[in-house]
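# Observations on chain architecture
Spelled out, the chains give:
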Amino acid sequence: MYHYNDFDEAFVRERVAQFRGQVERRIDGSLTEDEFKPLRLMNGLYLQLHAYMLRVAIPYGTLNSRQMRQLAMIADRWDKGYGHFTTRQNIQFNWPKLGEVPDILEALADVEMHAIQTSGNTIRNVTADHFAGAAADEIADPRPVAELIRQWSTDHPEFQFLPRKFKIAVTGSPNDRAVTRAHDIGLRMVRNDAGEPGFEVIVGGGLGRTPMIGQVIRDFVAQQDLLPYLEAIVSVYNLLGRRDNKYKARIKITVAENGIDEIRARVEAQFEQSKAEWGGFDQELLARIEHSFAPPVFKRAGLEKFNANLAANGAFRAWCDTNLSEHRDPEHAIVTVSIKAHGATPGDASSTQMRVLADLAERLGYDELRISHEQNVILPHVHKSDLPEIYATLRDHGLATANVGLISDIIACPGMDYCALATARSIPVAQEIATRFDELKLEHEIGPLKIKISGCINACGHHHVGHIGILGLDRAGVENYQITLGGDGTETATIGERTGPGFPADEIVPAVERLVGAYLEHRKSEEETFLQTYRRLGMDPFKAALYPEKAQSRAA
Amino acid sequence: MTRRPFAPKVVAANDLLDGDAVWLTEEDTWTRDMGEAELIEDEAVADDRLLFALGQANFVVGPYLVDAKATPKGPAPTHFREAFRMRGPSNYPHGKQAGE
Ligand code: HEM
Ligand code: SF4
């Protein structure tokens with residue numbers, strides 16, 4: 001795990017002290033809200049419908065048990081006993097009081113955490129594959145590079161006032177679990193013909209009101225050229241990106257308006273010009289960072305106990321089937337802990353649950369935890385012989401739901417239950433879908449299916465890349481939900497297509513049920529997933545199921 | 001085109017320290033119960049009250065005018081967004097519905 005050096009520590013402490021002064025001056029009236037707002041946003045403090053909200057970065061989704069316990073402490077002491085894990089590997093506290101936020105930031109600094117650049121037109125928290133360092137299919141752990149990017153981008157003097165926010169995601173695997181194609185810059189580790197690792201660089205992806213899949217700007221950038229190349233991209237964007245219209249300011253629009261070839265030519269020119277100035281200090285830094293991400297020494301304990309439990313306990317077996325992923329060490333497994341119990345709020349964990357997870361990580365997981373963009377918590381390294389104990393502990397705390405990747409493992413943004421920008425609620429829709437399919441006892445039969453819900457066009461819930469996407473809108477003063485189908489956030493990224501008119505709140509769950517019914521009816525076999533069936537058959541059978549009246553009137 | 005009649009309004013905002021929803025009263029104070037707010041029936045008065053609210057930066061953040069209707073219990077929201085602000089989130093009994 002990376003540990004702050006003296007510089008990081010001093011920087012974060014100084015920022016807390018500065019912010020404490022700014023909050024005091026806002027409260028005593030010497031700062032206006034216009035002056036204060038950019039300052040609070042620089043420190044991750046938003047104002048929502050019912051309260052302030054503090055967004056804390058979890059760089060590349062990695063936490064240790066001490067940090068998780070501190071988040072639990074913060075939730076209990078200054079919030080309402082829970083936190084909300086988001087698709088951007090952040091945690092959000094929904095109820096902080098303005099005067100107490102500096103104390104929260106101080107408590108975060110105590111465990112090497114902060115809320116810097118979780119807002120504003122800066123390079124945001126760098127996200128990474130949540131299985132980084134553990135996945136069997138990985139070329140190398142992408143987190144050292146993510147940490148390097150974090151250090152380079154934090155407080156970067158040239159990039160504090162970009163045309164718009166800027167999001168970077170990194171994966172070390174060919175299987176993309178970090179949605180790299182929906183980011184301003186996506187990095188995919190690949191090997192060149194000589195077998196050396198480097199990165200495929202993808203630029204101009206993004207969701208929001210103009211969803212776009214990123215394009216490859218260069219298919220191989222050697223590791224030592226990565227920062228100079230990234231800096232070249234961001235400086236070209238800083239110059240070309242539109243500042244006249246907030247809705248055209250993201251790099252996806254810059255790429256679309258100028259064309260990828262023009263952007264590539266400019267980036268190459270900039271890169272050629274500036275790379276000599278780098279002089280290799282970034283590579284020395286990277287070498288030091290890599291040291292702190294050395295994998296743990298994996299223990300050896302045999303698999304007899306695990307196999308015996310698998311055979312004896314059906315519930316354990318079902319949980320293993322859905323919630324485990326292949327680890328690079330054959331005696332270990334990656335555990336995805338679902339924080340999506342049927343009917344619960346996607347992404348919310350109580351302080352008790354956070355402590356349980358911290359204890360398990362410390363005792364049985366080499367002290368490592370990850371937060372996934374799918375709003376679950378990962379124990380990346382668990383010896384298989386410890387799985388029965390982990391399962392039993394999770395079950396005692398409502399954390400053993402066996403639904404990872406299934407219809408109730410829903411991503412939902414906070415929507416109009418919290419967010420000031422929302423046009424409709426998303427959480428209740430997620431709760432109702434999960435509850436309904438749990439009642440029907442159908443979800444294991446349905447198999448892999450990703451539902452993603454956003455409460456407005458900003459698409460924080462990734463609805464465009466959901467196999468079934470749901471977007472909450474305000475139609476003449478009533479909540480209304482629009483459906484998209486066929487979205488995909490992986491290496492075969494696709495933006496979903498709209499089915500047609502939306503549905504009022506009380507009709508959205510039945511609509512999803514009809515979609516699932518159409519899939520079960522039309523799939524070739526149990527092995528063909530929802531997405532595969534959709535790709536094979538297209539929209540028609542699903543549309544017919546969604547809008548039966550229309551299909552009838554056409555037939556008449 | 002004829003102008004649509006003016007829909008009655010209240011001035012809404014968030015409290016500076018707690019961040020929760022508050023509404024402006026006739027007495028120039030801020031209330032946590034929309035029913036106690038001032039229902040403004042005239043457009044010129046509405047502009048004037050918003051201007052006053054914008055000058056209250058030591059108490060509130062982001063004041064705005066929002067539609068409301070008269071009821072026996074005082075002004076009530078006409079749109080679900082303001083109704084949610086009056087009540088709190090739907091996934092937990094937090095916020096105003098918990099008497100906070
Ligand atoms: C106060 C709460 C929030 C506000 C005000 C907010 C605001 C926004 C806005 C304005 C955009 C659109 C940016 C653009 O297209 O230029 C956006 C995008 C996004 N937000 Fe949020 N958001 C909030 C909460 C969240 C949460 C809780 C998550 C994670 C669950 C999240 C993750 C994202 C993601 C993944 C995007 C993706 C689209 C993209 O940037 O291309 N946001 N957000
Ligand atoms: S998608 Fe819209 S409603 Fe949901 S969190 Fe983002 S800005 Fe808020």
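Structure: above.
In short, a report on the structure. (Residues numbered from 1 in each chain as written. Chains lettered and ligands numbered in written order. Predicted model: local features only at pLDDT ≥ 70, side-chain atom pairs only at ≥ 80, totals over all residues. Heavy atoms only, no water.)

## Here we look at the side chain of R49 of chain B
Under the convention used in this document: Each helix is a run of DSSP H or I of at least 4 residues and each strand a run of E of at least 2, with the numbering of both proceeding from the N terminus. Two residues qualify as a contact provided that any one of their heavy atoms is within 4.5 Å of a heavy atom in the partner residue.
Here R49 of chain B shows up in helix α1 (residues 43–54). Contacts of R49 of chain B, omitting those with residues within four sequence positions, involve V11, L24, T25, E26, D28, E38 and I40 of chain B.

## Thoughts on the sheet that holds strand β9 (residues 197–203) of chain A
Residue and element names in this part refer to chain A. Stated precisely, the cut-off is as follows: Being paired, for any two strands, means DSSP has found at least two bridges between them. Note on geometry: axes are lines fitted to C-alpha atoms, helical ones only across the stretch in contact, with angles between N-to-C directions running from 0 to 180 degrees.
Strands sit in the order β6-β7-β8-β9-β10 across an open sheet of five strands; the sheet is mixed. Single-partner strands in this sheet number two, and they are β6 (127–128) and β10 (215–222). Here helix α5 (residues 143–153) sits on the sheet and contacts β7 (168–171), β8 (185–191) and β9; the angle it forms with β7, its principal contact strand, is near 160°.

## A few points about the nonpolar core
Residues and elements named next belong to chain A. Stated formally: Here, nonpolar core refers to any group of buried Ala, Val, Leu, Ile, Met, Phe, Trp, Tyr and Cys residues whose side-chain atoms link them within 4.5 Å. Remark: exposure states derive from per-residue accessible area (1.4 Å probe, protein chains only) relative to the maximum for the residue type, with buried under 20%, exposed over 50%, and partly exposed in between.
Counting residues in hydrophobic clusters, the biggest one holds 109 residues, and the most contacted among them are M68, I149, W152, L187 and W319. Here this core takes nine residues from helix α6 (residues 226–240), the largest share from any one element. Excluding residues that lie within four positions of it along the chain, I149 makes contacts with V126, I168, V170, L187, L227 and L230. Grouped together as the second largest cluster of nonpolar side chains are 33 residues, A424, I470, V516 and F542 included.

## Some points on the sheet that holds strand β1 (residues 45–47) of chain A
Residue and element names in this part refer to chain A. Taken together, the five strands give an open sheet; going across it, the order is β1-β2-β5-β4-β13, and neighbouring strands pair in antiparallel fashion. Two strands in the sheet have a free side with no partner beyond their single neighbour: β1 and β13 (348–350). Within the sheet, the average angular offset between the axes of one strand and its neighbour, ignoring direction, is 30°. Bridge count between β1 and strand β2 (residues 52–57): three bridges; the pairing is antiparallel. What sits directly across from Y46, in β2, is M53. Of the strands in this sheet, β1 and β2 touch helix α4 (residues 101–109), which is tilted by about 15° from β2.

## Some remarks on empty space enclosed by the protein
In this approach the atoms are scanned with a rolling probe the size of a water molecule, which exposes any empty space left behind. Residues and elements named next belong to chain A. Rules: The distinction between a cavity and a pocket rests on a 1 Å grid over the protein atoms alone: a 1.4 Å probe fits inside a cavity but cannot get out, while a pocket stays open yet meets protein on both sides within 12 Å along at least five of seven lines, and a residue with an atom within 4 Å of a point counts as lining. Grid points are joined across faces, edges and corners, and a volume is the space filled by probe spheres set on the points.
Tallied over the entire structure, the rule returns eight cavities of 30 Å³ or more. Taken as a whole, the largest cavity holds about 150 Å³ of empty space. Residue lining of the largest cavity: 13 residues in total, with Y4, P59, Y60, Q67 and E112 positioned closest to the centre. Counted as a void, the second largest cavity has a volume near 100 Å³. Along the walls of the second largest cavity sit A57, P59, H114, I116, Q117, I123, R124, N125, V126, R150, S153 and T154, which together make up its complete lining.

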